[in-house]
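# Structural features, examined
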Amino acid sequence: MQISDAQLVNDCRRGDEAAWETLVRRYQKLIYAIPRRAGLSDDQSAEVFQEVFTTFFSKLNDIEDPDRLHAWLVTTARRKTWRAISKEKSWQQFNSDGDEDDDVFDEVANIADESVLPDEALVQLEERHRIRTAVADLDDRCRHLIELLFYRTTQPAYTEIAQSLAIPEGSIGPTRARCLQKMLRLLGKT
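Summary of the structure given here. (Residues numbered from 1 in each chain as written. Predicted model: local features only at pLDDT ≥ 70, side-chain atom pairs only at ≥ 80, totals over all residues. Heavy atoms only, no water.)

### Side note on the state of the cysteines
Under the counting rule described, the total for this entry stands at 1 disulfide. Each sulfur of the disulfide joining Cys-142 and Cys-179 lies 2.1 Å from the other. Here Cys-142 and Cys-179 share a disulfide; its torsion about the S-S bond, -75°, makes the bridge left-handed. Taken together, the residues span a long stretch of sequence, with Cys-142 in helix α7 (residues 140-150) and Cys-179 in helix α9 (residues 172-186) at a distance of 37 residues. Comparing Cys-142 with Cys-179 shows no difference in burial state: the two are buried. (Disulfide = S-S within 2.5 Å. Helix = DSSP H or I, 4+ residues; strand = E, 2+ residues; numbered from the N terminus. Buried < 20%, exposed > 50% of the residue type's maximum accessible area, 1.4 Å probe, protein only.)

If you want it as structure tokens, here you go:
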């Protein structure tokens with residue numbers, strides 16, 4: 001069973017390093033994806049990621065509702081992303097002296113859209129994060145089956161799946177159904 005965010009925050013407040021590592025692992029892909037989807041580079045996204053968790057660490061005792069940590073982290077990541085974009089735009093304007101050649105203008109025209117993430121994209125990122133977390137919380141057999149069926153670019157043959165799980169081929173369908181039911185329960189949809 002997954003430890004709640006509130007429990008992890010309380011453990012972090014007591015100085016539990018394992019709780020800190022668990023929180024970072026739980027949210028690292030989601031937090032990193034927010035600046036990446038907004039068009040920031042890998043380095044800029046890593047910087048936003050570090051700033052989010054530095055802010056979290058400095059405000060650890062000020063967080064009033066640890067159950068809403070997910071929303072707090074996403075909001076903080078969006079704000080840090082917006083600041084990074086604003087800072088980049090200011091820097092570009094400051095360094096502009098009006099003598100750029102056409103190549104520079106072409107480069108600027110090809111820069112990724114730096115607008116703040118649309119809400120729909122953020123909802124998709126959050127949903128992917130919830131699904132990854134639910135898959136991680138499944139027992140080994142279900143997690144392995146889900147990964148074989150849904151996380152591979154090409155789905156392996158049922159004979160290969162059956163051998164990998166050490167079950168008869170005819171059991172794959174019912175096992176998949178039970179595993180998906182477990183995932184739905186973990187996602188709170190049943």
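### Considering the packing of helix α1 (residues 5-13) against helix α2 (residues 17-37)
Contact pair α1 / α2: the axes reach a minimum separation of 8 Å and the direction vectors enclose 140°. Our classification of the angle between α1 and α2 gives oblique. Helix-helix and strand crossings are classified by hand; for α1 and α2 the assignment is left-handed. The segment α1 lies against α2, with Asp-5, Leu-8, Val-9, Asp-11 and Cys-12 engaging Ala-19, Trp-20, Thr-22, Leu-23, Arg-26 and Tyr-27. (Axes fitted to C-alpha atoms, helices over the stretch in contact; angles between N-to-C directions. Parallel < 35°, antiparallel > 145°, perpendicular 65-115°, else oblique. Left-handed = near helix turned anticlockwise from the far one by under 90°. Contact = heavy atoms within 4.5 Å.)

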